[in-house]
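# Report on the structure
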Amino acid sequence: MIRHALSALRSQYDLTSPVSGYISTIDTRGVGNVSVLLGAGRLTKESPIDHAAGILMRCSLGDKVEAGQVLARLFCSDESLILQAKEAFLGAVYIGTTPVKVPPLIHARVEASGSVLF
């Protein structure tokens, strides 16, 4: 199945940062919607999934980026979707001028005796 999906891949696009700065905010729902737009998710339960579509993130919250640096690679089988996906992705990632404090990925551990905060 993977080989079949990759053989259908017709388009990939390296999305670059328009400015230098720090990744201050990533709207994960917005990035997820870009993935759906590319075909990696469903708009309705009847919608097909394109197994060759998706996003490979090359940046994380708090990263320092330079103008022209690759933020993500977009994959899809329909090249006409790239421009709309690019605009939507750039609208979901905010690049600010000052460093940001990245919140911890794990906030607590649940044990039989209760939660242990970090």
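A brief report on the enclosed structure follows.

## A short note on the sheet that holds strand 3 (residues 54-57)
A sheet is described by the order of its strands in space; here three strands give the open sequence 1-5-3, paired in antiparallel fashion. Edge positions in the sheet fall to strand 1 (11-16) and strand 3, since each of these pairs with one other strand and no more. Direction aside, neighbouring strands of the sheet carry axes that sit 20° apart on average. When strand 3 meets strand 5 (residues 70-76), the two strands line up antiparallel, connected through four bridges. Across the sheet, Ile-55 pairs through a bridge with Leu-74, a residue of strand 5. Contacting strand 3 and strand 5, helix 2 (residues 28-38) runs over the sheet at an angle of about 140° to strand 3.

## A short note on the nonpolar core
One broad rule of soluble globular proteins: the nonpolar side chains tend to lie buried together. Core analysis: the largest hydrophobic core is formed by 18 residues, its most contacted members being Ile-23, Leu-38, Leu-71, Leu-74, Phe-89 and Ile-95. Only helix 2, strand 5, helix 3 (82-92) and strand 6 (93-96) provide two or more residues apiece to this core. Beyond its immediate chain neighbours, meaning those up to four positions away, Leu-38 contacts Asp-50, Ala-53, Gly-54, Ile-55, Leu-74, Phe-75, Cys-76, Leu-81 and Ala-85.

## Let's talk about the sheet that holds strand 2 (residues 21-26)
Remark on secondary structure: sheet strands pair via backbone hydrogen bonds, oriented parallel or antiparallel. With antiparallel pairing, three strands are arranged side by side in an open sheet as 4-2-6. Only two strands of the sheet have a single neighbouring strand rather than two, namely strand 4 (64-65) and strand 6. Judged from the two bridges that link them, strand 2 and strand 4 form a sheet pairing that is antiparallel. Across the sheet, residue Tyr-22 finds its bridge partner in strand 4, namely Lys-64. The strands touched by helix 3 within the sheet are strand 2 and strand 6, with strand 6 carrying the most contacts at an inclination of about 55°.

The rules behind these values
- Every residue gets a number counted from 1 within its own chain, in the order that chain's sequence is written.
- Residues qualify for local features only when their pLDDT is at least 70, as the model is predicted, and side-chain atom pairs are given and counted only at 80 or more; totals for whole chains, interfaces and linings, by contrast, use all residues.
- No hydrogens and no water enter the side-chain calculation; it runs on all heavy atoms of the structure.
- DSSP bridges decide pairing: two strands pair if at least two such bridges lie between them.
- Strands are runs of DSSP state E lasting at least 2 residues, helices are runs of H or I lasting at least 4, and numbering of each runs from the N terminus.
- A fitted line through C-alpha atoms represents every axis, and for helices the fit uses only the stretch in contact; the resulting angles, taken between N-to-C directions, go from 0 to 180 degrees.
- Contact criterion: two residues are considered in contact whenever any of their non-hydrogen atoms come within 4.5 Å of each other.
- The nonpolar core is taken to be a set of buried Ala, Val, Leu, Ile, Met, Phe, Trp, Tyr and Cys residues, with the residues joined through side-chain atoms within 4.5 Å.
- Exposure categories follow from relative accessible area, calculated using a 1.4 Å probe and restricted to protein chains: below 20% of the type maximum is buried, above 50% is exposed, and the middle band is partly exposed.

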